[in-house]
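# Architecture and fold: a report
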Amino acid sequence: MELKQSYFELYGENEITQYRWEQLQEIIAAAKAGRSPELKKQDKEGNQWYLSEKMAGMMLYVDRFSENLKGFEDKIDYLAELGITYVHFMPLLKSREGNNDGGYAVSDYLSVDRKFGTMRQLERVVKLLKKRGIRTCIDFVLNHTAKEHVWVQEYKKGNHDYDNMYHMFDDDRVPQEYEKTMTEIFPGVAPGNFTWYPDLNKYVMTRFYEFQWDLNYSNPQVFNKIVEVLLTLANKGIDIFRLDAIPYMWKEIGTRCMNHPKVHTLLQMMYQIVQEVCPSVIFLGEAIVEPHEIVKYFGTKEAKECNVMYNASLMVLLWSSLATRDVRLMERSLSKDYGVPADGVWINYGRCHDDIGWGFETDLLSELGWDPEAHKQFMIRFMEGRYPGSFSTGELYEFNPVTLDARNSGTFASMCGLEQALKEKHSYKIELAVKRILLLNSIIISYTGIPLFYSGDEIGQLNDWSYKEVPEEAGDSRWLHRPKMDWEAAQKREDLTTVQGQIFQGIRRMLEIRRNCEYFRSDLKSTPVDLDNPAVFGFHKENKMMVLANFSEQEQWVDADRFSWFGLPGEMTDMLTGRPVRSYSNKILLGPYEYLWLV
Ligand code: GLC
């Protein structure tokens, strides 16, 4: 549908819409005129660059990684050494003082927060990265702003252009109506979806933390303002916008206020505008919702929305397979066709800055004869490290003592057993933990999509328990897995007798193979193969390569007849070691947590 038609359908055919539409045209025209010749040149190549096998991302908090943007410049070599080709800067726009949910409470979209540096410095970093073939991604928190945002200030000053930018109510009648069906995001740390402000004499919708005010997208002025910010930042050279918390953008009484069809209209309009102004820019959508809902955010061939989306399903399935030593749930889930469009790409990851919520497909669990609630409880306790025999060390997030429901926090390495093994000084357990880390990474890097690493995980950083001493962080266990980058430990990355060296070099090598082989392009699909061994995950990529991965600490035999169409064992080579694969009576032996990339 044409942009204009969508806009008027969404906002109604009236004078106000007409006025706002004209304003939007001016915003678009100004952004086009302001786009630099270099960026226009880049735009000519379109946006399909994200399908390349060369893509590999790292997400980081600037202050925790390099103190500030200036310091970041010295760390670019390190990223390039690992093979990173896009950097995701966690929220770095100006955010409120005190608790700001890790920067997700923006008080000014057009300046960089003082603690990281200036907008000039950001632009400089973007250019330096680009010279090294590294793209820049920033967080774009567009569902809400901080309650101190400049738009709130304008409203408070009585500037009527800023009326209705947020959801405000004189009494609690409407909020009560919303609450009947609206889901809660932080039921423990920030219960309820509305807050009463005596100074304003208003209830305001505050879906996340109290200091995060939900923007009111039913007002076309909000859409225009957000588009203006988006285009301004795009003109600073940003390539990827991570659209934060998109399922919540549209609110309507009587709905869950989640995944509303109108969110899709908003995203389609934004995509069209980007195509018009800065067509090399792409959207990474953050929608941690059910798999069949996530895929909708790619949009359709005719009406595109996000180019890339987080593969939350693969992430939880990897942890589930590791904890149970059983890959059948993963194999079945990944075999399902959710209708991802041909150029819709997943970001594959094991850990990010958020907690892990156990969103399994309950019908698939039932098919396996697993009780969905029992499996969830098992995962919660296993990853926390409380299940007997668990190798993981972590914490609960948003634990509900009544339902026992919870999500989990912990770093990649700690949840793979490294923290426990180091504490026990148990060399074989350390070896197994490193193997688990590399095993999960072998899937993240080889499965169709773009691999993404959380900074510090490439050297196996452990949980950071010190957050409990920081008042703004103590109540939010997600800080457990957001440690400061340990540069001293990173210095050991060339020494293969250290865990840092083994993990860093293992990942580096896999990324090197990946970027030099077109089998890792994101438009080559992966298809799971049933190997008749619950501990071994296998998949092939359009018959060009085959991956075998043993998710248990026991040796496992795999019957090569299961994939005889792919080739005979003697004819196959492991890309990772260059060695031919040997078989015994047509069976392949995999060591503990061993993985092979066969061609
Ligand atoms: C996203 C972020 C999360 C943040 C929330 C609110 O889910 O990943 O860290 O708390 O949005 O902005």
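Anything mentioned here points back to the structure above.
Residues numbered from 1 in each chain as written. Predicted model: local features only at pLDDT ≥ 70, side-chain atom pairs only at ≥ 80, totals over all residues. Heavy atoms only, no water.

## Let's talk about the pairing of strand E4 (residues 106-112)
With five of seven residues buried, E4 lies mostly within the body of the structure. Note: strand E3 (residues 93-95) against E4, three bridges, orientation antiparallel. The residue bridging lysine 94 from the neighbouring strand is aspartate 108, located in E4. (Buried < 20%, exposed > 50% of the residue type's maximum accessible area, 1.4 Å probe, protein only. Helix = DSSP H or I, 4+ residues; strand = E, 2+ residues; numbered from the N terminus. Pairing = 2+ DSSP bridges.)

## Observations concerning the side chain of asparagine 408
Residue placement: asparagine 408 occurs in strand E16 (residues 407-409). For asparagine 408, a relative accessible area of 0% translates into the label buried. Reaching out from asparagine 408, the side chain makes a polar contact with the side chain of tryptophan 358 at a distance of 2.8 Å. At 3.0 Å, the side chain of asparagine 408 forms a polar contact with the backbone oxygen of isoleucine 380. Setting aside anything within four residues of it in sequence, one finds asparagine 408 in contact with Asp355, Ile356, Trp358, Met379, Ile380, Met383, Glu384, Glu395, Leu396 and Tyr397. (Polar contact = N/O pair within 3.5 Å; in protein donor to acceptor, adjacent residues only side chain to side chain. Contact = heavy atoms within 4.5 Å.)

## Structural notes on the packing of aromatic side chains
Counted by the stated rule, this structure contains 37 aromatic pairs. Measuring from centroid to centroid gives 5.5 Å for tyrosine 78 and phenylalanine 504, while their planes differ by 40°, and the two rings are tilted. Within this pair, whereas tyrosine 78 is found in helix H6 (residues 76-82), its partner phenylalanine 504 is found in helix H21 (residues 499-515), the two being separated by 426 residues in sequence. With 5.5 Å between their ring centres and 75° between their planes, tyrosine 310 and tyrosine 349 make a pair best called edge-to-face. Here the residue tyrosine 310 occupies a position in strand E13 (residues 308-310), and tyrosine 349 occupies one in the loop between strand E14 (345-348) and helix H15 (362-367), the gap between them amounting to 39 residues. Overall, the relative accessible area of 3% leaves tyrosine 310 in the buried class. Over the ring of tryptophan 49 we find arginine 135, and its NZ or CZ is 3.9 Å from the ring centre. Note that arginine 493 overlies the ring of phenylalanine 504, its terminal NZ or CZ placed 5.6 Å from the centroid. (Phe/Tyr/Trp six-rings, centres within 6.5 Å; stacked < 30°, edge-to-face > 60°. Lys NZ or Arg CZ within 6 Å of the ring centre and 35° of its normal.)

## Considerations on the sheet that holds strand E17 (residues 450-454)
Around the barrel, eight strands lie side by side as E1-E2-E5-E11-E12-E13-E14-E17; this closed barrel has parallel pairing. The average undirected angle you get between the axes of adjacent strands in this sheet is 25°. Where strand E2 (residues 86-89) lies against strand E5 (residues 135-140), four bridges are found, and the strand directions are parallel. Across the sheet, the residue bridging to tyrosine 86 is arginine 135, located in E5. The strands that helix H19 (residues 427-446) touches are E14 and E17; relative to E17, the one it contacts most, it runs at about 140°. (Axes fitted to C-alpha atoms, helices over the stretch in contact; angles between N-to-C directions.)

## Observations concerning the packing of H19 against H21
Relative orientation of the contacting elements H19 and H21 amounts to 20°, with a least axis distance of 10 Å. If you check the angle between H19 and H21, you find them roughly parallel. Viewed along their axes, H19 and H21 form a crossing whose handedness is right-handed. Residues Ile430, Val434, Ile437, Leu438, Asn441, Ser442 and Ile445 of H19 form the contact with H21, whose participating residues are Val499, Gln502, Ile503, Gly506, Ile507, Met510, Leu511 and Arg514. Tallied by class, residues from the contact of H19 with H21 come to 10 nonpolar, four polar and one charged. (Parallel < 35°, antiparallel > 145°, perpendicular 65-115°, else oblique. Left-handed = near helix turned anticlockwise from the far one by under 90°. Nonpolar A, V, L, I, M, F, W, Y, C, P; charged D, E, K, R; others polar.)

## Some thoughts on the nonpolar core
Phe241, Trp319, Phe551 and Trp597 are the most contacted members of the largest nonpolar core, which totals 192 residues. In terms of residue count, H19 provides more of this core than any other element does, 11 residues in total. In this structure, tryptophan 319 is in contact with Gly350, Arg351, Ile356, Trp358, Met379, Met383, Phe412, Met415, Cys416 and Leu440, ignoring residues within four places of it in sequence. Residues Leu548, Val581, Ile588 and Leu590 belong to the second largest nonpolar core, which totals 15 residues. (Core = buried A, V, L, I, M, F, W, Y, C linked by side-chain atoms within 4.5 Å.)

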